[in-house]
Every structure is written in structure tokens, then in C-alpha cells.
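What follows is each chain in one-letter form.
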Amino acid sequence: MNVLEAPSSDLTHEQWELVVALVRSLNQAQLLWVSEYLAGRVQTPVSGTAPSRRLTILFGSETGNGAEIAASAADSARGIGLHPTVRDLADYKLRLLMEEEDLLFITSTHGEGDPPHTAEPFFEFLEGRKAPQLSGKRFAVVALGDSTYEKFCEAGRRLDRRLEELGASRLAARVDCDVDYEKNAAAAISQILAKLGPCSPGAGEPPLLPRLEAVVPSRTIFDKRHPFPAPVVDNVALTGRGSSKETRHIELSIAGSGMTFEPGDALGVAPANNPHLVESLLASAGFSPDAGVLIDGQPVRLHEALTSKLEIVRVTRRLLRFWADQSGISELGALCEEGQAELRAALLKENHVIDLLRRFPLRDLSAQSLVDNLRPLQPRLYSIASSAAFAPGEVHLTVAVVRYPLHGEPRHGVASAFLADAAPETSVPVFVQSNPHFRLPANDVPIVMIGAGTGIAPFRAFLQEREMRGASGKNWLFFGERHFRTDFLYQTEWQAHLHSGLLTRMNVAFSREGTTKTYAQHRLLEQARDLYAWLQDGCHIYVCGDAVGLTPGVHAALRCVLQQEGGLDLHAAEEHLTSLRSSRRYQIDAY
Amino acid sequence: MNLNRSIPDRSRDVSQPLEALGPDETLKADSNYLRGAISSGLLAEITAAVPGGGPKLMKFHGLYQQDNRDIRDERRRQKLEPAYAFMVRVRLPGGVCTPGQWLKLDELARTYGGVTLRLTTRQTFQLHGVLKQHLRPLIRGLREVLLDTKSACGDDARGVMCGVNSQLSALHGSVSAIARRASDHAIPKTGAYREIWYEEERQEVPRTEEPFYGGTYLPRKFKIGFAIPPSNDIDVYTQDLGLIAIASQGRLEGFNVVIGGSMGRTDRAPETYPRLADLIGFISADRVLPLIDAVMSVQRDYGDRVDRAHARFKYTIDEKGLDWIKAEIERRLGSFLDPPREFQFTSNSDAVGWATGEDGRFHYTLFVENGRIIDSGKRSLMEGLRMIARLHDGAFLLTPNQNLIIAGIAPHNRDVIEALLREHGLINSETASALRLNSMACVSLPTCGLAMAESERYLPTLLSKIEEILARHGLQTEPITLRMTGCPNGCSRPYNAEIGLTGRAPGKYNLYFGGGFHGQRLNKMYLENVGEASILTTLEDILGHFARTRLPGEHFGDFAIRAGYVPEVTEGRQFND
């Protein structure tokens with residue numbers, strides 16, 4: 001960062017040096033926090049009248065979007081003279097809830113309508129019998145979700161429903177935001193905040209000092225909206241000949257970007273759509289690639305819009321409804337109704353945007369109306385598989401490539417195939433997405449890492465980091481995949497780590513090797529005694545992988561270990577796991 | 001007995017402390033009679049290999065850890081370990097296999113061995129590509145038909161060979177029975193095999209588990225073979241201990257004894273050389289086992305245990321002198337050997353096709369190119385032999401030339417078996433040149449860890465090109481032995497072939513001429529490190545010359561010497577001159 005070139009005239013040299021040293025030591029998330037903190041410090045003494053009610057912004061976030069919105073909501077609130085407190089549901093002290101006054105919740109939804117993993121204890125508490133009465137409190141919910149999933153924004157809905165049940169009064173109707181949340185979230189939040197303002201908008205005095213964020217030249221910070229073009233250094237298949245999967249190891253250079261990350265963080269990749277698919281879409285619809293369309297009011301070439309601005313594979317419910325309306329095909333219309341989720345899901349699985357165009361051609365489809373009904377192309381997040389200390393200037397990813405045939409032609413996962421096909425020396429737009437809920441403990445603390453498939457990625461980073469730090473804590477790795485011979489991701493690296501002693505133990509499960517399917521969680525049970533001993537020694541447990549296949553199974557296995565070895569009953573074992581979660585000794589990165 | 005014998009140099013043999021010897025001696029001594037860490041290595045879940053010293057010890061159990069070298073480099077880049085798997089070599093004395101055993105091997109190969117079997121140059125089966133976790137089930141499967149893999153590799157008495165001159169049914173029966181007894185007698189006696197592979201409890205033994213071998217076994221492998229003249233199919237002169245059956249009116253009387261043969265040499269190490277065995281006398285049939293003990297114990301006690309490249313019996317003989325060794329053998333035997341008897345060899349190759357035995361049963365010798373039993377295209381060798389094994393009531397004999405004799409066919413089965421052979425495309429020898437029928441190649445790439453060039457996968461193609469040369473010179477029916485190996489080690493016995501090819505680098509071979517047609521003479525290098533073009537041009541010239549100027553009945557190897565292409569090699573030590 002070249003943030004630090006010109007000292008502020010108001011600071012002494014010593015003060016400036018402190019600022020420089022501090023800023024250098026911060027990652028993006030920390031920087032954001034500090035900037036908010038300073039802004040808060042600046043505003044407090046200058047605000048005219050103290051607001052009558054306190055505002056707390058609580059967010060649940062898995063990929064960082066929730067945190068981002070919470071931060072910008074706090075900004076807006078301060079802009080109208082409020083003094084919000086921002087808290088992550090992951091480490092929110094439940095007893096504080098009784099003391100709150102106004103609450104703005106922001107939460108994303110994952111999997112089958114679940115809250116972010118880090119927010120699960122809060123949801124359990126709130127939805128459980130021990131939840132306190134919340135009369136007198138006011139709340140609003142901003143729900144984040146992905147409308148291609150059936151249970152869109154379900155976590156937010158649950159929260160909204162439950163808060164009302166507990167007697168709190170609703171400040172504003174819940175706002176559901178799709179993956180292109182940025183447009184409506186900001187507007188909705190200002191409306192909500194307007195109802196809270198203790199004083200009329202603008203009553204707060206302008207801050208005396210510009211906020212730190214404002215002095216940072218924006219072009220040097222690469223983020224979701226300004227990804228860094230990272231050159232591809234290496235791109236190899238990790239899966240051997242004959243594998244049923246294609247999992248790749250991709251090394252990107254971020255040298256000179258100023259981006260920093262920690263083990264556990266994710267890399268956002270802004271993909272481009274497959275060029276063949278773009279051609280097919282244009283051909284099927286009979287559009288010229290040079291046709292002009294408007295996106296957010298900006299003119300764009302259609303080819304460009306379909307390549308890098310819009311999601312053109314999966315059909316959203318909105319697009320389906322549009323298609324049903326335009327075509328007048330009752331079969332499609334019926335599928336848009338509530339209660340048709342299963343049939344709709346089945347149709348959408350078999351029919352991408354290109355298939356709608358081919359199977360149900362619309363006579364009067366205009367390029368603009370197609371574009372209006374597609375959603376923005378979203379970046380995808382990949383857990384970073386390397387440590388910056390070990391491989392400076394690089395980011396390594398472990399990417400499971402999605403390719404499958406549909407209607408006799410190859411189809412691809414947008415980002416995974418984009419990455420898989422990225423040749424060395426080309427570049428990929430990326431940004432760092434902090435994941436503060438997946439962090440190594442102190443160097444002397446033992447860790448148990450459980451990963452399946454590409455869920456192994458952050459553990460490669462963990463071990464590299466621990467090696468560089470000379471961390472004395474023991475490391476135990478569990479890994480699961482399909483076949484030993486072809487799918488043992490990074491096999492020779494683990495062997496070397498075992499040989500050097502960095503990796504204390506490793507257990508593997510290959511589900512398609514024997515007559516019975518064995519997964520990583522089965523290995524946990526087999527190692528119950530030793531695992532329990534590690535837990536007694538204060539180990540931290542990390543789980544990374546599939547939210548359907550891996551994390552529930554691992555959770556159940558850990559509960560079993562506590563019951564079997566610790567003599568706990570089911571309830572006590574579950575409580576113990578919850579307390580491990582809240583003390584950050586049990587961290588999950590699920591996808 | 002001669003009591004005034006000189007005291008030999010003992011600075012490199014078993015009399016020295018382990019620290020003074022090669023590292024493999026310590027490995028053996030510390031292995032607790034071949035147990036080592038094999039059992040725990042089989043459980044290591046993060047590797048398909050057996051870690052540490054396991055693989056070396058597993059050779060004593062007939063198992064070679066290998067990897068698919070075709071994809072070794074690719075997997076290294078993929079951060080995957082080499083594609084480890086095991087070669088399993090069966091102990092099959094004399095190459096005699098019952099139909100029941102055949103069917104079991106066929107089943108095991110289909111289950112664990114990539115649906116193929118390899119017949120070896122030492123008359124046994126190899127299964128390749130067997131995964132670590134399949135070793136126990138495979139070895140237990142073998143046990144069901146009374147087979148094992150004991151000492152099929154390792155520093156011990158390897159698989160015992162026996163000529164397959166099946167037309168002399170009674171004599172073959174007696175000699176192959178002795179070969180089997182010799183094998184059972186000479187293999188290690190440790191309980192390690194039963195404990196590791198059958199998972200049986202360890203049994204306490206009185207004194208020692210290895211009364212003959214002791215804890216360090218032999219300095220290197222030791223090969224024993226029985227020949228039945230006039231066929232020298234087993235290449236008796238390439239054995240450490242060769243026994244040539246002497247019969248009178250069809251009854252076995254005893255054996256001429258030859259010692260000190262071995263093909264192996266090390267690339268660019270002129271102090272290593274192939275050597276043919278020397279004839280030292282005659283022993284009666286009932287004294288064969290004491291003779292084996294006497295000969296093997298001399299090698300056990302005097303063989304070089306410092307340098308494994310110099311540890312075979314042939315070097316012990318050349319260092320100590322043949323007379324000294326013979327005297328030491330006789331001293332241990334407690335009697336002198338008789339003078340050798342008359343015998344004659346005519347060939348070391350197989351006569352393919354039908355033959356009738358003296359007992360009226362039939363034999364069909366099936367040409368199996370490079371010993372590879374596999375179904376491919378129109379030629380479904382594996383399936384055809386499975387069908388035959390289901391109805392055959394004789395035996396299968398694996399020949400030392402990697403061919404297969406369906407032996408002792410009952411007269412009523414002959415037509416059925418012939419029909420099955422035709423149906424599966426197996427009667428092919430009519431179309432192959434005599435050179436092809438007399439050719440052999442070792443396995444080499446991709447599984448053999450020693451291979452430097454292709455062998456089994458390449459020889460058939462090369463032979464097709466040589467067959468064009470033969471056709472131009474009218475030599476299609478001229479039997480000429482040609483043997484190829486992928487490295488200088490000599491598994492397919494290239495150094496006494498009339499034309500020998502040993503791999504040096506991918507696509508590059510040393511070319512040898514002048515071996516004896518029935519294996520009685522070593523050949524000599526003619527060209528070093530040459531590619532296919534040079535090999536073919538050279539063969540074109542010399543085979544053309546041979547066709548034009550050969551003497552009546554003259555073999556190609558003899559011609560190569562007479563015409564001055566190579567000098568005659570009369571002793572192993574001259575091989576590198």
C-alpha cells in the first residue's frame with residue numbers, strides 16, 4: 001500500500017510513524033474495523049444530542065458479505081448521527097441481548113435454509129426455550145440469500161419471525177437481498193435508519209477529521225468491486241489418471257497487489273463465462289454480440305454483458321417467471337407457484353438459460369429484457385491453500401472442477417472451469433475475503449484438522465504457516481476423498497510433513513475403495529480415544545468441506561467421541577460442542 | 001580329502017562383523033528372520049508402498065515393490081506418490097502346474113492382477129500391479145491350491161527350474177519330483193511367511209528358525225536348475241548350480257554337476273560379467289539334497305557380503321579358484337564327486353506344436369510371445385486357457401522360454417483342446433518366424449525398477465522388422481535365438497543368445513553376437529548403445545552374409561565367430577575384454 005506517503009500536517013512525526021506501523025500491520029478487515037473505531041471516536045464528542053436509543057448492528061456472515069453490509073450500515077448510521085455498535089453473531093454474548101434497545105440484524109443463509117455456521121449458537125439460543133422476552137426492543141432484518149436456492153433468505157426469515165414471537169416490535173419489513181444485494185441493501189438500510197434517527201437527518205456535526213478509509217487511495221485496495229488481475233503461475237491436475245474427479249492446484253501471483261491474507265482466508269475469483277456458451281446464447285436468441293444494453297443505467301456491449309457481467313448458466317425463479325409470462329406456457333407458469341419447489345428444482349437442474357432459449361423460444365425477446373432478468377455474475381470464494389509466509393506473493397487454490405454433460409453437450413461450473421482453463425501467464429481477477437472464523441490458535445496449541453475433498457485446502461495453508469512459525473503445537477489431519485490412487489490430494493506433501501514431524505498424525509478415508517463407504521468421520525470414531533485425549537489437551541478442531549456430506553457427519557462423530565470417551569449424555573455432549581464453538585476451539589468452514 | 005589347502009581371503013564374507021559388510025547384511029540380520037516391519041508397513045494408510053526396509057525383505061517372500069514408471073513423472077507433478085503396486089512371483093518348482101492351480105491363478109489374476117499373467121524365464125507365474133491391500137488375499141488364494149511365493153526373490157535359493165522334455169514322461173516325472181524336493185529343501189524355514197501372510201500365531205521353535213541360512217541368508221540370489229538332455233531349455237550353464245540328468249534306458253541315474261553360471265552384470269562395471277557354469281563332476285540321484293547343501297553353504301560362507309554387485313557365486317568361484325571350491329564342496333559333502341558322464345545338448349529352445357509322449361498321451365507346446373497371458377483382439381489366450389484348464393486332466397508345464405505346454409492330454413481330449421485352441425486364436429506358431437519362436441524378452445518397462453529401455457513391449461515390433469530381413473534372405477525357418485532385456489541384469493538370459501540386446505537408455509541397446517545355439521557359449525558385444533536403425537542395418541548385412549556363406553548346418557552364433565564379427569568367449573572373465 002502506498003497509503004503512507006504523505007504525513008498529515010496535523011500529526012507529529014512520532015504519531016505519524018505509529019500510524020504507519022499500525023496500518024502496515026493490519027489486514028483489510030482489521031483496517032476496516034480500525035477505521036470505524038476512529039470514526040466513532042471522532043463523532044462521539046461532536047454529536048449534538050445523544051440519541052435516545054442505542055443501536056446495535058448484529059451480523060451473521062460466512063463469506064464476508066454480511067460483515068461488509070454491517071460495516072456500511074454502521075457508516076450510514078454514523079452519517080445521520082447515530083452511534084451504532086457492530087457485533088458479529090459469532091462472538092456475541094447472548095446475555096447482552098436483554099440490554100439492547102434497537103437491533104439491526106444482517107444475516108446470510110446457507111445450505112438448506114441454515115444460518116452461517118458461526119451464527120448457529122445464536123440461532124439455537126434465540127429459537128430455543130431459554131430465549132428471553134424481547135418486548136420493548138425494536139428490530140429490523142436484512143436477509144441475504146441466493147434465489148437459485150429453494151430456501152431463499154430462510155435464516156433471515158427465521159430471525160424475523162422469531163423476534164416478533166419474542167415480543168420485539170418490527171421497525172421495518174424484512175428486506176430480502178439476492179446475490180446482487182448491493183443495490184437494494186444500501187437503500188433499504190437507509191430507510192430503516194431513517195426511522196431510528198434521534199434527530200433529523202443531518203443534525204450530526206460533520207466530523208472534524210476525515211476517516212482513515214477516506215485517505216486511503218482506493219485504487220491501491222483490491223476488493224470485490226476492484227479485483228486484482230493475478231497472473232497464473234501454475235495450474236496442474238492433482239487428481240491422477242482414471243480419477244472420477246478433476247481437482248486442480250492453481251498458483252496465482254499477487255505480488256505487488258498489496259493484498260494480504262491469513263491462513264483460513266478465502267480468495268474471491270471473479271470469473272468470466274465460458275466463451276462458447278456466450279456464443280451459443282447469442283446464436284440461439286438471434287442477438288448481435290454488438291447490440292447495446294443498459295446495465296445499472298450504463299451502456300454495455302451485449303457480448304461483454306453476457307461474458308463478464310451476468311450469470312448466464314442457472315435459471316433463477318425470477319427469470320423463470322418472466323419466461324412463463326412472456327411465453328404464456330402454462331407448464332412453466334405452474335412451476336412458479338409456491339409449493340412447486342421440487343418440480344421447479346427438477347426442471348431448473350435440467351434446464352439452464354441456454355435450454356430455455358432453445359426449448360421455449362420467445363418470439364419477442366429483446367436483448368435488454370433478457371439482460372434485465374439475469375442476475376449479476378457473482379465472484380466465487382475458494383479457501384486459500386497456501387500460507388503467505390511460506391509462499392510470499394502467491395496464492396494457491398485447490399479447485400474441484402465442475403464439468404458434466406447435459407443434453408449431449410459439455411456444461412461447466414462457471415468459476416471452476418474458468419480457473420481450470422486459465423493458462424499460465426494469463427490472469428484471473430481476484431480479491432481477498434477475510435474469514436476471521438477460521439484461524440489458527442496460538443503456536444503451542446494442538447490442532448485437529450478434518451477435511452474432505454478440496455476442504456483440505458486451508459489445512460495446507462495451516463501447516464505451511466505452522467512450519468514457518470516454528471509452531472510447537474501438534475497437528476493431526478483427517479482427509480477423505482473417493483480413491484486412494486488418484487484422489488489423494490497433495491499426498492506427497494503430507495508424506496513429507498509426516499516425515500519431518502510437522503504433521504503428527506494423519507488418517508485418511510477413501511470412500512470408494514472397499515465394499516463399505518468409509519468417510520473421514522468414520523476415522524474420527526476409530527480414533528475416539530486419542531481424539532478425546534487431544535481434546536482434553538485443549539486442541540482446536542477445524543472442519544472444512546461440504547456442508548451436506550461432511551460437517552454434520554463430523555459433528556455427530558465428535559458428539560459420539562464425547563459421549564463414548566467422556567461419558568457425557570447426548571445433551572451434555574452437544575452442549576460441550578456448543579461451548580467449544582463459542583470458545584473458538586471448534587471452527588467450521590463449510591460450503 | 002586334501003588337508004593341505006590354502007586358507008582363503010575371508011575379509012569380505014560372513015566371518016566379518018556386520019559393520020564391515022554391506023548395509024543389506026544388517027537389514028537381514030535385524031529383520032528377525034524376514035519379519036522386519038512388513039506387517040506394520042502393510043497398514044500404513046498414507047502410502048501404497050511399504051515404508052522403510054520392508055520392500056527388500058518382501059523380496060524373500062516373493063514380492064517386489066514396483067511402480068508404474070510410465071506415469072511416475074506425471075504423478076510427481078500432481079503431488080501424488082508413484083503408482084506403487086507389487087509384483088507377485090509364485091514358487092512353482094519345475095514349472096509344473098495342475099489345471100486346478102491354473103484356474104486359481106487365472107481367477108486371482110482377474111481379481112487382483114490386472115487381468116493378465118506373465119510366464120517367466122524361470123518357469124513360474126508373475127502377477128503385476130497388485131495393490132498392497134490385496135497381497136494377503138492373493139497369497140491366501142494361492143495357499144488354497146498349495147502354492148506359495150516363498151523365496152521367489154531375495155538372497156536365497158530361487159525358484160528351482162526343471163527341463164520340460166515331456167516326451168520322456170517317466171524321466172521328466174522323476175527329475176521334476178527331485179526339483180520340487182530341492183526347492184522345498186532349499187527355501188528359508190522362517191515362520192515369518194505364515195505369520196505375515198496367513199496371519200498365524202508365531203510358533204516357538206527349538207534353537208534357530210534358520211538352521212541352514214542363519215540370520216543373514218545368502219550374499220545374493222542362488223539359482224538351481226535341472227536339465228534333461230538333449231534339451232538345454234533351462235540354460236543349465238546360466239545356473240549357480242546346474243544338474244544335468246543322466247539316464248540309462250529311461251531310468252534316472254544321477255546328475256552331472258555344473259556350478260557358477262549367472263547372467264547378471266552391472267552397466268559400466270567391467271569387473272562384473274556374465275559367466276557360464278563349469279562342469280565339475282557327477283552325483284547320484286539320491287545325493288542331490290546333500291550336494292545342494294554343500295554347494296550353497298560354500299557360497300553362504302565365502303560369498304562377498306561387502307559389494308552386492310560382486311556377490312554371486314560365480315565371483316566366489318573366480319576369486320577362490322574352481323579347484324578350491326570343488327574341493328570345499330567335496331569336503332562338506334564328505335565324498336568326492338564322480339567324473340562327469342557323457343551327455344549331449346542340441347538346443348535350448350522349445351519345439352512348438354503337437355508331440356506324443358512315450359506313455360501315449362499328447363502334449364501341445366503353445367508359443368506365448370514373451371510369456372504374456374492376456375486376452376487381446378482375436379487372440380483370447382487367457383480365456384482359451386481357462387476353458388482348457390476346466391477339462392484338461394494332465395498338467396500345464398511352463399517352459400524356460402516362457403512358453404506353455406499343455407502336457408499329458410488324454411487321447412479323448414485332444415480334439416476338444418485343439419478346437420478350443422483354434423477357437424481362441426491360439427494356433428499361431430505357423431505364421432511366426434523361427435527367430436520369433438526362439439526369442440525372449442524380460443518384462444522391463446513400465447513395472448521393473450531396473451529397466452533402462454523397453455523390452456517386452458518393444459520386442460514384437462522389432463521382430464516384425466527383423467522378419468522382413470529374414471524373408472529377404474530366406475531365413476524365415478532358421479532357428480536363431482534372440483533375447484532382449486531392458487537392462488544389463490540379464491533376466492531373459494541375453495548373454496548366451498546368438499543375438500543379444502540389452503537396454504542402455506530409452507531406444508538404445510547393446511548388440512551382442514556369437515552365443516551358442518544351445519546355450520553353451522557366451523556372446524560378445526558387437527555394437528554399443530545403438531538405436532533401431534543401426535540394429536536393423538547391421539542385421540541386414542550380417543544375416544545376408546550368413547545366408548550366403550554359411551556352412552551346412554551351421555548356426556548363426558557359430559557363423560558370427562567364424563566370420564570374424566566377434567571373437568569367441570570361452571570364459572566369463574573375457575566377456576568385457
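Residues numbered from 1 in each chain as written. Chains lettered and ligands numbered in written order. Predicted model: local features only at pLDDT ≥ 70, side-chain atom pairs only at ≥ 80, totals over all residues.

**A closer look at the overall build of chain A**
Heads up, the rule is: The numbering of helices and of strands both runs from the N terminus, where a helix is a DSSP run of H or I of at least 4 residues and a strand a run of E of at least 2. Counting other C-beta atoms within 10 Å of a residue's C-beta gives its exposure: the residue is buried at 20 or more, exposed at 12 or fewer, and partly exposed in between, where C-beta atoms are placed from the backbone. Any two residues are considered in contact once their C-beta atoms, placed from the backbone, lie within 7 Å.
Of regular secondary structure, chain A possesses 22 helices and 21 strands. Projected onto its principal axes, the C-alpha positions of chain A cover 70 × 65 × 55 Å. By the burial criterion, 42% of the 591 residues in chain A qualify as buried. Within chain A, contacts between residues at least 6 apart in sequence are counted, and of these 77% link residues at least 24 apart.

**What to know about the overall build of chain B**
Let me state the cut-off plainly: In this setup the radius of gyration rests on C-alpha atoms only. A globule is expected at 2.2 Å times the number of residues raised to 0.38.
Counting its regular elements, chain B contains 17 helices and 22 strands. Relative to the globule expectation of 25 Å for 577 residues, the C-alpha radius of gyration of chain B, 23 Å, shows essentially globular dimensions. For chain B, with 577 residues in total, the buried portion stands at 53%. By sequence separation, contacts in chain B at least 24 residues apart represent 67% of the contacts at least 6 residues apart.

**Some thoughts on the interface of chain B and chain A**
Stated precisely, the cut-off is as follows: Under the grouping applied here, Gly and all other residues not named as nonpolar or charged are polar, the nonpolar ones being Ala, Val, Leu, Ile, Met, Phe, Trp, Tyr, Cys and Pro and the charged ones Asp, Glu, Lys and Arg.
With 12 residues of chain B at the contact, the number on the chain A side is 19 residues. Class assignment for the residues of the side of chain B that touches chain A results in 5 nonpolar, 2 polar and 5 charged.

**Overview of the sheet that holds strand 10 (residues 278-284) of chain B**
One key point about sheets: their strands pair by backbone hydrogen bonds, in either a parallel or an antiparallel sense. Residues and elements named next belong to chain B. Stated precisely, the cut-off is as follows: A pair of strands counts as paired when DSSP detects no fewer than two bridges linking them. For helices, the axis comes from a line fit to the C-alpha atoms of the stretch in contact; other axes are also lines fit to C-alpha atoms, and the angle between any two N-to-C directions lies between 0 and 180 degrees.
Reading across the sheet, the 5 strands line up as 6-7-8-9-10 and stay open at both edges, with mixed pairing between neighbours. In this open sheet, the two edge strands, each paired with only one partner strand, are strand 6 (161-162) and strand 10. Strand direction decides the pairing type here: strand 9 (residues 251-259) and strand 10, joined by 6 bridges, are antiparallel. Following the sheet pairing, G254 is matched in strand 10 by S284. On top of the sheet, helix 7 (residues 169-186) reaches strand 6, strand 7 (224-227), strand 8 (241-248) and strand 9; it is set at about 170 degrees to strand 7, its chief contact.

**Thoughts on the environment of T56(A)**
Residue and element names in this part refer to chain A. The residue T56 is located in strand 1 (residues 55-60) in this model. C-beta crowding within 10 Å serves as the criterion here: with 20 such atoms nearby, T56 is assigned to the buried category. Taking the C-alpha atoms as reference points, T56 and D372, separated by 316 residues in sequence, lie 36 Å from one another. Residues contacting T56, with those up to four places away along its chain left out, are P84, T85, R87, E100 and L103.

**Digging into the nonpolar core**
Selection rule: Buried Ala, Val, Leu, Ile, Met, Phe, Trp, Tyr and Cys residues form a nonpolar core when they are connected through C-beta atoms within 7 Å.
By size, the foremost hydrophobic cluster in this structure holds 147 residues, and its most contacted members are L419(A), A520(A) and I406(B). Counting residues per element, this core draws most heavily on helix 15 (residues 414-420) of chain A, at 6 residues. When residues no more than four places from it in sequence are discounted, the contact partners of I406(B) are H363(B), Y364(B), L366(B), I388(B), H392(B), F396(B) and I417(B). Core analysis: the next-biggest nonpolar cluster, separate from the first, contains 88 residues, I228(B), I234(B), I283(B) and Y509(B) among them.

**A word on unusual backbone geometry**
All names here are of chain B. With omega at 10 degrees, the peptide bond leading from P229 into P230 counts as cis. In this fold, P230 is placed in the loop between strand 7 and strand 8. For the bond running from L445 to P446, omega is 10 degrees, close enough to zero to count as cis. Along the polypeptide, P446 turns up in the loop between strand 18 (439-441) and helix 15 (459-472). Positive phi outside glycine occurs at L34, with the angle close to 75 degrees. With respect to the element layout, L34 can be found in the loop between helix 1 (23-29) and helix 2 (38-43).

**What about the confidence of the model for chain A?**
Residue and element names in this part refer to chain A. Under the convention used in this document: pLDDT is a per-residue confidence score from the predictor, ranging from 0 to 100.
Scored by pLDDT, chain A has a mean of 87; 91% of the residues are at 70 or more. The least confident element of chain A is helix 7 (residues 212-215), whose mean pLDDT is 37; the most confident is strand 17 (residues 447-452), at 98. Here residues 44-48 scores under 50 on pLDDT; set against residues more than four positions off or in separate chains, the count is 11 contacts. Low pLDDT, under 50, characterises residues 199-219; the predicted model gives this stretch 33 contacts beyond four residues in sequence or across chains.

**Here's the deal with the sheet that holds strand 18 of chain B**
Residues and elements named next belong to chain B. Read from one edge of the open sheet, 5 strands run 18-19-20-21-22, paired in mixed fashion. With partners counted over all chains shown, the strands left at the sheet margins are strand 18 and strand 22 (524-530), one partner each. Recorded for the sheet is a direction-independent mean angle of 15 degrees between the axes of neighbouring strands. The pairing of strand 21 (residues 508-513) with strand 22 spans 4 bridges and is classified as antiparallel. Residue pairing for strand 22: Y512 is matched across the bridge by M525. Strand contacts of helix 16 (residues 532-549): strand 21 and strand 22, with the helix running at about 145 degrees to strand 22, the strand carrying the most contacts.

**A few points about helix 5 (residues 154-165) of chain A**
Residues and elements named next belong to chain A. Inclusion rule: In a helix, the anticipated span is given by 1.5 Å times the number of residues less one.
Between the first and last C-alpha of helix 5 there are 16 Å, a value that for 12 residues agrees with the 16 Å anticipated at 1.5 Å per step. For helix 5, the set of buried residues is E154, A155, G156, R158, L159, D160 and L163. The elements touched by buried residues of helix 5 are strand 3 (102-108), helix 4 (120-127), strand 4 (138-144) and strand 6 (175-177). One or two positions beyond helix 5, positive phi appears at G167, with a value near 100 degrees.

**Side note on the pairing of strand 8 of chain B**
Residues and elements named next belong to chain B. Taking burial as the measure, the 8 residues of strand 8 include 6 buried ones, the bulk of the element. One ladder, built from 4 bridges, connects strand 7 with strand 8; its direction is parallel. Paired with G225 across the strands is G242, a residue of strand 8. Bridge count between strand 8 and strand 9: 8 bridges; the pairing is antiparallel. Paired with S248 across the bridge in strand 9 is R251. The loop that links strand 8 with its antiparallel partner strand 9 comprises 2 residues; one of these, Q249, has a positive phi angle of about 50 degrees.

**Topic: helix 13 (residues 414-423) of chain B**
Residue and element names in this part refer to chain B. The test is simple: The directions from the helix axis to the C-beta atoms are what the arc is built from.
For helix 13, the set of buried residues is I417, L420 and L421. The arc that holds every buried residue of helix 13, seen down its axis, measures 100 degrees, which confines them to one face. Residues D415, A419 and R422 are exposed on helix 13 and point more than 90 degrees away from its buried face. In this structure, the buried side of helix 13 is in contact with strand 12 (362-366), helix 12 (381-391) and strand 17 (404-409). Phi turns positive one or two residues past the end of helix 13, at G425, with a value near 70 degrees.

**Some words on the packing of helix 5 (residues 99-112) of chain B against helix 6 (residues 135-144) of chain B**
Packed helices, taken two at a time, are described by the angle between their axes plus the distance between the axes. All names here are of chain B. Filter applied, for reference: Should an angle lie under 35 degrees it is considered roughly parallel, over 145 roughly antiparallel, and from 65 to 115 roughly perpendicular; all remaining angles are considered oblique.
Remark: helix 5 packs on helix 6, axes separated minimally by 10 Å, with the N-to-C direction vectors making an angle of 170 degrees. For the element pair helix 5 / helix 6, the angle class is roughly antiparallel. Of helix 6, the residues touching helix 5 (which contributes K104, L108 and Y112) are L138, G141 and E144. For the contact of helix 5 with helix 6, a count of residues per class yields 3 nonpolar, 1 polar and 2 charged.

**Focus on the confidence of the model for chain B**
When the pLDDT values of chain B are averaged, the result is 94; 98% of them are 70 or greater. Of the two predicted TM-score estimates for the complex, the pTM is 0.82 and the ipTM is 0.86.

**Observations concerning the packing of helix 9 (residues 288-302) of chain B against helix 11 (residues 322-333) of chain B**
All names here are of chain B. Put simply, the rule is: Handedness of a helix crossing follows the sense of rotation of the near helix relative to the far helix, less than a right angle counterclockwise being left-handed and clockwise being right-handed.
Taken N-terminus to C-terminus, the directions of helix 9 and helix 11 make an angle of 130 degrees; their axes are 9 Å apart at the nearest point. Here helix 9 is positioned oblique relative to helix 11, judged by the angle of their axes. In the packing of helix 9 onto helix 11, the handedness of the crossing is right-handed. Across the interface between the two elements, P290, L291, A294, V295, S297 and V298 of helix 9 pack against I325, E328, I329, R332 and L333 of helix 11. Of the residues that constitute the contact of helix 9 with helix 11, the class distribution is 8 nonpolar, 1 polar and 2 charged.

**Let's talk about the environment of R469(A)**
If you trace the backbone, R469(A) turns up in helix 16 (residues 457-469). As a C-alpha pair, R469(A) and M98(A) span 371 residues in sequence and 42 Å in three-dimensional space.

**Re the environment of L97(A)**
With respect to the helices, strands and loops of the structure, L97(A) is situated in the loop between strand 2 (85-88) and strand 3. Along the primary structure L97(A) and L134(A) are separated by 37 residues, whereas in three dimensions their C-alpha atoms are 8.4 Å apart.

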